[in-house]
Amino acid sequence: AVNPTVTKGNPDLKPYLATQLDLSWEWYFKKECLFSLAVFSKEIDSLIVTKAVVEHYVPYDTSRPAGDFIITTPVNGDKATITGFEANYQQPFSFLPAPFDGLGVLANITVATSSSTSTVVTNSTTGVTRELTTRVQGQSPVSYNAILYYDKSSFQVRLAYHWRDDYLTLLLGETEQRMKQATGNLDVSINWRATDKLSFYLEALNLTSEDSYLYDRTMSRNIAFADYGRLLNVGARYKF
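Each value, and the rule that gives it
- Residues numbered from 1 in each chain as written.
- Predicted model: local features only at pLDDT ≥ 70, side-chain atom pairs only at ≥ 80, totals over all residues.
- Heavy atoms only, no water.
- Helix = DSSP H or I, 4+ residues; strand = E, 2+ residues; numbered from the N terminus.
- Rg over C-alpha atoms; globule rule 2.2 N^0.38 Å.
- Buried < 20%, exposed > 50% of the residue type's maximum accessible area, 1.4 Å probe, protein only.
- Areas by Shrake-Rupley, 256 points an atom, 1.4 Å probe, with all protein chains shown as cover.
- Lys, Arg positive; Asp, Glu negative; His and termini not counted.
- Charge placed at Lys NZ, Arg CZ, Asp CG, Glu CD.
- Phe/Tyr/Trp six-rings, centres within 6.5 Å; stacked < 30°, edge-to-face > 60°.
- Lys NZ or Arg CZ within 6 Å of the ring centre and 35° of its normal.
- Pairing = 2+ DSSP bridges.
- Core = buried A, V, L, I, M, F, W, Y, C linked by side-chain atoms within 4.5 Å.
- Contact = heavy atoms within 4.5 Å.
- Salt bridge = Lys/Arg side-chain N within 4 Å of Asp/Glu carboxyl O.

**Student:** What should I look at first to understand the overall build of the protein in this one?
**Tutor:** A count of helical and extended segments in the protein gives 0 helices and 17 strands. The C-alpha atoms of the protein give a radius of gyration of 24 Å, which is well past the 18 Å a tight globule of 240 residues would have. Principal-axis analysis of the C-alpha atoms gives the protein an extent of 75 × 45 × 40 Å. Taking all 240 residues of the protein together, the buried fraction comes to 30%. Element-wise, carbon and sulfur atoms account for 57% of the exposed surface of the protein, whose accessible area totals about 15,200 Å². Each charge class in the protein was averaged separately, 22 positive and 25 negative side chains, and the resulting centres sit 5 Å apart.

**Student:** Mind showing me how you'd approach the packing of aromatic side chains here?
**Tutor:** Describing an aromatic ring pair means giving the distance of the ring centres and the angle of the ring planes. If you walk through the whole model with that rule in mind, you get 9 aromatic pairs. Taken together through their ring pairs, the aromatic side chains of Tyr144, Tyr161 and Trp163 make up a single cluster. The ring of Tyr167 carries Arg164 above its face, with NZ or CZ at 3.7 Å from the centroid. Lying across the ring of Tyr201, Arg237 places its NZ or CZ 4.1 Å from the centre.

**Student:** Hey, could you run me through the pairing of strand β13 (residues 183–193) in this one?
**Tutor:** Looking along a regular strand, one sees side chains alternate from face to face of the sheet. In this structure, strand β10 (residues 155–164) lies alongside β13, joined through 10 bridges in antiparallel fashion. Bridging across to β13, Leu159 finds its partner in Val188. One ladder, built from 6 bridges, connects β13 with strand β14 (residues 198–205); its direction is antiparallel. Paired with Asn191 across the strands is Tyr201, a residue of β14. Counted along the chain from β13 to the antiparallel partner β14, the turn is 4 residues long.

**Student:** Please clarify how the nonpolar core should be interpreted in this entry.
**Tutor:** Soluble, globular proteins show a tendency: their nonpolar side chains are buried together. In this structure, Phe40, Ile44, Leu47, Val49, Val75, Ala80, Ile82, Ala112 and Val136 together form the largest nonpolar core, which totals 9 residues. Elements with a contribution of two residues or more to this core: β3 (34–45) and β6 (79–92). In contact with Ala80, not counting residues within four places along its chain, are Lys42, Glu43, Ile44, Leu47, Ser115, Ser116 and Val136. Counting 6 residues, the second-largest nonpolar core is a separate cluster that includes Leu132, Met179, Tyr213 and Tyr215.

**Student:** In this structure, what is going on with the pattern of salt bridges? I would like to understand it.
**Tutor:** Pairs can form between side chains of opposite charge whenever their charged atoms are close. Tallied over the full model, the rule gives 3 salt bridges. Of the charged contacts, one joins Lys152 and Asp101 as a salt bridge, the two residues approaching to 2.8 Å between their closest N and O atoms. Of this pair, Lys152 sits in strand β9 (residues 142–152) while Asp101 sits in the loop between β6 and β7 (103–123), placing them 51 residues apart in sequence. The shortest N-O distance in the salt bridge between Asp216 and Arg217 comes to 2.9 Å. The exposure class assigned to Asp216 is buried, which follows from its relative accessible area of 2%. What makes Arg217 partly exposed here is its relative accessible area of 37%. One salt-bridge network, in which partners are shared between bridges, spans Asp216, Arg217 and Arg221.

So this is what it looks like as structure tokens:
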């Protein structure tokens, strides 16, 4: 049987605090063009993470059965570190002959490592705990974006690919570390400004129909699977 689940907030959360060092180098080699590199290191206190614990619930109404519930809530972790580097590149291809002078490209990549220490309950009855070291929740070792765009006059097109490696989404005691499988999404958007007040748009999201796969530490231990398919939005905007 599957335990009932409860999701709740936490008014006792401490503020997110960090001591960090950033060093960046930027090169503006032409008008509206940029190439930059950056390195960073962060020491984080009271990192906010999402945890789930199994708690035994005894209702006031004794005619209703007691049972174990999975309680999911944000809590403060003990400490965390994140180090890595970023690179960015931006350039419009205005030097090309018309009509290709509206083309341009944006690209960035982040590579990082992290470590987070949290206190987890190993026995809900006795309250015994231990420290568990994991990757920082939501942090992927590698993530990048590559965007090809066309922007000229009243017509704009953006073709964007977004990639991120596996990342941790939830800690369930010491028994489960829920991970999100690496995914790459391809999106496109088209905008046409018919008048100063009226414009039309089309958005196509997840063109390659990437699915969502959650697992516990290894890919063979599937937790959840969802196929969201492609999403198409068509509409108009009018300024009064």
